[in-house]
Amino acid sequence: MRNLFFGAFCLLSLSLSAQNKAAQDAEMNRFIDNLMSKMTLDEKLGQLNLPSAGDITTGQAKSSDIAGKIKNGLVGGLFNIKGVDKIREVQRVAVEESRLKIPLIFGMDVIHGYETGFPIPLGLAATWDMQAIERSARIAAIEASADGIFWTFSPMVDVSRDPRWGRVSEGNGEDPFLGGQIAKAMIKGYQGDNTYSDNKHIMACVKHYALYGAAEAGRDYNTTDMSRMRMFNEYMYPYKAAVEAGVGSVMASFNEVDGVPATANKWLMDDVLRKQWGFDGFVVTDYTGISEMIDHGIGDLQEVSARALKAGIDMDMVSEGLLSTLPKSLKEGKVNQADIDKACRRILEAKYKLGLFKDPYKFMDSKRAKTEIYTPQNLAEARKIAAESYVLLKNANNTLPLKKQGTVAVVGPLAKSAVNMAGTWSVAVPLDKAPTVVQSITDALGKNGKVIYAKGSNLVADAKLEEHATMFGRSLGRDNRTKEELLKEALDAAKQSDVIVAALGESSEFSGESSSRTNLNIPDVQQELLAELLKTGKPVVLVLFAGRPMTLSWEQANVPAILNVWFGGSMAAPAIADVLFGDANPSGKLPATFPQNVGQIPLFYNHKNTGRPLGEGKWFEKFRSNYLDVSNEPLYPFGYGLSYTQFSYSDITLSSANLNENGEITASVTVTNTGKVEGKEVVQLYIRDIVGSVTRPVKELKGFEKISLKAGESKTVSFKISPELLKFYNYDLQYVFEPGDFDVMIGGDSKDVKTARFTLN
């Protein structure tokens, strides 16, 4: 009886909620209908125009006379403007000096934190901790909204299997399922319950729709081409997950899809995004996305602008193609008034939902800006999450954790750089406030030990390359001493030490947008420095800064301990010290495969078999799918990461060996901490569809849970498996499950797993 009452109560609540939403929508529609009835064509087109304010330059073009255009109703929003007082003044111009007093929307690339910087997104993904990721977005939203920003161009959910592509640092790695869960967590952190009922939640913008991470040759902005079946099975899920989470806006990608740039691709923007997935927010281009289609070769500015509007683009970032060419296209019949009205309405709806028509200054409380940004509490959270993102790749002979005693030589071009700690796309982070690795290790040692610092080498031998890799105020300060002089200083420091911490790798702008690489090794002079440090016979810990999977075969063979720290944000260095000295136990797991060399790329765990697969455990067989010179195996597999303790897994227990089409089974393992210290483990569930109507991957991530275990403690982890979890897109792009046998695999990474089999009837 109680269950019947509860069920009826839930249905009544849902019914009332639906009624309330319908009433709110009707009220919004009446308001917007009335407003649009007063708008001229130019004012409607103005809502579609998103110029850059120019505070932070991210591209070539700059808009002029922005204030005049705002007064004339020719601007719908601005981005790249920082500071609540400055934003308030611009908003004042819009709502007090324009004819219809329509407020502006203010956006920024709040990618992994606002002023409090969190790990780069690839590092956040390495936590496999959705609560931590949601908290990072929540803090970013609070800080950004306190400073007048209420629209973020995040999350970036592009799946990428090619670490040559620089923007792999800004995404969640190679797996669509993990990327989808992160998308949901980020959007929840930014948007809350999607009502924007207070001034501390901001609108998210999922990007880059679609397939941007599959650029050919890993070269940014390059062509993308794949079958639609591959699109839907391997690349599209994170975007769809973002839509299901209620994301407020979507950003179109630069690349082409099926031979048509995404910005003008009606199938992508309308048929899939709106009709199939039900997205009801607005779509914005990326920076100059419309005008760049001229170089793609599909028309002049008037033609590409008309095609973008007809495809479903609502807002034009920087190009001003919609504003400047649509009046002519309307007269010539290339677009119609309904197309323009539809786009204008979507922008106005977003502003209405954000509450801007009721209070255009809702997000412009200068008191909040003084008390809610870069706070000690936020920095403490950033430090905790940074430590959780670091991945221990090797720890021979328990080199780590270090003891807080003796003399530590801290060597390397990243050891004393504050401005590189935050990582790429940290546009609002005060770079100079970040502690350095040297400072943080010194603080951790206190009076019990001593630190000796030496730079050891420049970032790279080529001064011009270093200039390209340290843009936007991230200079390492190139040392004009000779390579030999720098090396001698480092070796002198090493001789006086008990242990060497080598802070090496990429600079923060060695990855990110327009930072593609063909060589993924640690840069030349740094590798030489590392080799010489190893020759001293002292224990060496490689603290690796990276914005992508790197090729570390030599390092794995020769360096005792390797800690991959990505770029950890504002508190990267204190978190590094926490892990090095054991105050935090590393628990990060790789969200992307690390290849042995670039010749293996693309290399990813959820690949398909060929008709001639290589035998288990073999390196080479003639007339099999393999290489002559290197094995097929990665250096470090997807999901891999060590701890200062060890975990053992029991065999898998299935609640049943048979799954019915309307049923559910449970797969369970018992995980035991067999080491001596408390630690966290990411328990990962993979499934393989043994036989399908089309070829299926050798395994796919379908679930995970991060658990904490004290030394000697055990915990049973269970995963529910339903037919819904087994669905895929078949040859006809129908989303189906098919009867047959399935392998279920559970383990601590994608390679080291326990296996059981069940049958879907």
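Conventions adopted
- Residues numbered from 1 in each chain as written.
- Predicted model: local features only at pLDDT ≥ 70, side-chain atom pairs only at ≥ 80, totals over all residues.
- Heavy atoms only, no water.
- Helix = DSSP H or I, 4+ residues; strand = E, 2+ residues; numbered from the N terminus.
- Rg over C-alpha atoms; globule rule 2.2 N^0.38 Å.
- Buried < 20%, exposed > 50% of the residue type's maximum accessible area, 1.4 Å probe, protein only.
- Contact = heavy atoms within 4.5 Å.
- Areas by Shrake-Rupley, 256 points an atom, 1.4 Å probe, with all protein chains shown as cover.
- Lys, Arg positive; Asp, Glu negative; His and termini not counted.
- Charge placed at Lys NZ, Arg CZ, Asp CG, Glu CD.
- Core = buried A, V, L, I, M, F, W, Y, C linked by side-chain atoms within 4.5 Å.
- Domains from an automatic or database assignment.
- Phe/Tyr/Trp six-rings, centres within 6.5 Å; stacked < 30°, edge-to-face > 60°.
- Axes fitted to C-alpha atoms, helices over the stretch in contact; angles between N-to-C directions.
- Parallel < 35°, antiparallel > 145°, perpendicular 65-115°, else oblique.
- Left-handed = near helix turned anticlockwise from the far one by under 90°.
- Nonpolar A, V, L, I, M, F, W, Y, C, P; charged D, E, K, R; others polar.
- Pairing = 2+ DSSP bridges.
- Right-handed = clockwise from strand over helix to strand, strands pointing away.
- 1 Å grid on protein atoms, 1.4 Å probe; cavity = no way out; pocket = protein on both sides within 12 Å on 5 of 7 lines; lining within 4 Å.
- Points joined across faces, edges and corners; volume = space filled by probe spheres on them.
- pLDDT = per-residue confidence, 0-100.
- Patch = residues over 30% accessible without salt bridge, like charges linked within 9 Å, V, L, I, M, F, W, Y side chains within 5 Å.
- Salt bridge = Lys/Arg side-chain N within 4 Å of Asp/Glu carboxyl O.

Engineer: How do you make sense of the overall build of the chain when you look at a structure like this?
Structural biologist: Helix and strand counts for the chain come out as 22 helices and 27 strands. The globule rule puts the C-alpha radius of gyration for 761 residues at 27 Å, and the 27 Å found for the chain is close to it. For the chain, the residues scored as buried account for 60% of the 761 residues in total. Across the chain, the fraction of contacts at a sequence separation of at least 24, relative to all contacts at a separation of at least 6, is 79%. Carbon and sulfur atoms provide 50% of the accessible area of the chain, an area that totals close to 29,600 Å². Looking at charge distribution, the chain has the averaged site of its 86 positive side-chain charges lying 2 Å from that of its 91 negative ones.

Engineer: Help me understand the nonpolar core in this model?
Structural biologist: General note: in soluble globular proteins, nonpolar side chains tend to be found buried as a group. Grouped together as the largest cluster of nonpolar side chains are 134 residues, with contacts concentrated most on Phe 106, Trp 151, Tyr 209 and Met 236. Of the residues forming this core, the biggest block, nine residues, is contributed by helix H6 (residues 130-146). Summarising the domain contributions, this core has at least three residues from each of domain 1 (382-581) and domain 2 (645-760). Once you skip the residues sitting within four places of it in the chain, Phe 106 turns out to touch Leu 78, Ile 81, Ile 87, Val 90, Gln 91, Gly 148, Ile 149, Phe 150, Trp 151 and Met 364.

Engineer: How do you make sense of the domain arrangement of the chain when you look at a structure like this?
Structural biologist: Domain boundaries assigned for the chain yield domain 1 (382-581) and domain 2 (645-760). Its C-alpha centre places domain 1 at a distance of 37 Å from the equivalent point of domain 2.

Engineer: Explanation requested: the packing of aromatic side chains in the structure shown.
Structural biologist: Each aromatic ring pair is specified by the distance between its two centres and by the angle formed by the two planes. Counting across every chain of the model gives 26 aromatic pairs. Between Trp 128 and Phe 704 the ring centres are 5.2 Å apart and the planes differ by 80°, which places this aromatic pair in the edge-to-face class. Residue Trp 128 is found in the loop between helix H5 (121-127) and H6, and its partner Phe 704 is found in strand E22 (residues 700-709); the two are separated by 576 residues along the sequence. For Trp 128, a relative accessible area of 1% puts it in the buried group. Given the relative accessible area of 16%, Phe 704 is considered buried. With centroids separated by 5.5 Å and ring planes inclined at 75°, the aromatic side chains of Tyr 605 and Tyr 686 adopt a geometry described as edge-to-face. Of this pair, Tyr 605 sits in the loop between helix H22 (572-580) and strand E17 (647-649) while Tyr 686 sits in strand E21 (residues 679-689), placing them 81 residues apart in sequence.

Engineer: How should the packing of helix H8 (residues 228-235) against helix H10 (residues 266-276) be read in this particular structure?
Structural biologist: Two elements in contact, H8 and H10, have axes whose closest approach is 15 Å; the angle formed by their N-to-C orientations is 50°. The angle between H8 and H10 places the two elements in the oblique class. Seen from above, H8 lies across H10 with right-handed handedness. Contacts from Arg 228, Met 231 and Phe 232 of H8 reach H10 at Trp 267, Val 272 and Gln 276. Residues belonging to the contact of H8 with H10 are distributed by class as follows: four nonpolar, one polar and one charged.

Engineer: What's the story with the pairing of strand E3 (residues 105-108) in this structure? I'm lost.
Structural biologist: Along a regular strand, successive side chains alternate from one face of the sheet to the other. Taking every second residue as pointing to the same face, both faces of E3 are buried, with Ile 105 and Gly 107 on one and Phe 106 and Met 108 on the other. Sheet analysis places strand E2 (residues 77-79) next to E3, joined by three bridges and oriented parallel. Bridge assignment links Leu 78 to a residue of E3, and that residue is Phe 106. Read from E2 through helix H4 (residues 84-97) to E3, the crossover connection turns out right-handed. Looking at chain direction, E3 and strand E4 (residues 151-152) are connected through two bridges and run parallel. By the bridge assignment for E4, Met 108 is matched with Thr 152.

Engineer: Please explain the pairing of strand E13 (residues 449-454) as it appears in this structure.
Structural biologist: Strand direction decides the pairing type here: strand E12 (residues 406-411) and E13, joined by six bridges, are parallel. Paired with Val 410 across the bridge in E13 is Tyr 453. For the crossover that starts at E12, traverses helix H17 (residues 437-445) and ends in the parallel E13, the hand is right-handed.

Engineer: What am I meant to see in the sheet that holds strand E27 (residues 753-760) here?
Structural biologist: By way of backbone hydrogen bonds, the strands of a sheet pair with one another, either parallel or antiparallel. Reading across from one edge, E19-E27-E26-E21-E22 is the order of the five strands in this open sheet, with mixed pairing throughout. A single partner strand is all that each edge strand has here, and the edge strands are strand E19 (658-659) and E22. In terms of strand pairing, E21 meets strand E26 (residues 740-747) through six bridges, oriented antiparallel. From the neighbouring strand, Tyr 686 faces E26, where its bridge partner is Met 745.

Engineer: Looking at this structure, I do not really get the layout of surface pockets. What am I missing?
Structural biologist: Any space left empty among the atoms is revealed by the rolling of a water-sized probe across them. Roughly 1,200 Å³ of internal volume is contained in the largest pocket. Lining the largest pocket are 36 residues, and of these His 607, Asn 609, Asn 632, Glu 633 and Val 698 sit closest to its centre.

Engineer: When you look at the confidence of the model for the chain in this model, what are you seeing that I'm missing?
Structural biologist: In low-pLDDT segments, the atomic positions of the prediction should not be examined closely. For the chain, per-residue confidence averages 96 on the pLDDT scale, and 97% of positions sit at 70 or higher. Ranking the helices and strands of the chain by mean pLDDT puts strand E11 (residues 391-395) first, with 99, and helix H1 (residues 2-38) last, with 79. Between residues 56-64, whose pLDDT stays under 50, and residues either more than four places distant or in other chains, the model counts 18 contacts.

Engineer: Is there a simple way to explain a nonpolar patch on the surface in this structure?
Structural biologist: Judged by side-chain polarity, Trp 619, Phe 620 and Leu 628 come together as a nonpolar surface patch covering roughly 360 Å² of accessible area. One can find Phe 620 in the loop between H22 and E17.

Engineer: Could you clarify how one ought to interpret empty space enclosed by the protein in this entry?
Structural biologist: A complete count under the given rule lists five cavities of 30 Å³ or more for this structure. Considered as a void within the structure, the largest cavity measures approximately 90 Å³ in volume. Along the walls of the largest cavity sit 14 residues, with Gln 47, Ile 70, Gly 73, Ser 98 and Ile 102 positioned nearest its centre. Sorting the residues of the lining of the largest cavity by element identifies helix H2 (41-47) and helix H3 (66-71) as the ones contributing at least two each.

Engineer: What am I meant to see in unusual backbone geometry here?
Structural biologist: With the exception of glycine, the majority of residues adopt a negative phi angle, and the majority of peptide bonds are in the trans configuration. Looking along the chain, the bond that leaves Lys 207 and enters His 208 is cis, with omega of -10°. Its place among the elements puts His 208 in strand E5 (residues 205-209). The residue Tyr 221 is not glycine, and still its phi comes out positive at about 70°. Along the chain, the position of Tyr 221 falls in the loop between E5 and H8. Residue Tyr 221 is classed as partly exposed on the basis of its relative accessible area of 34%.

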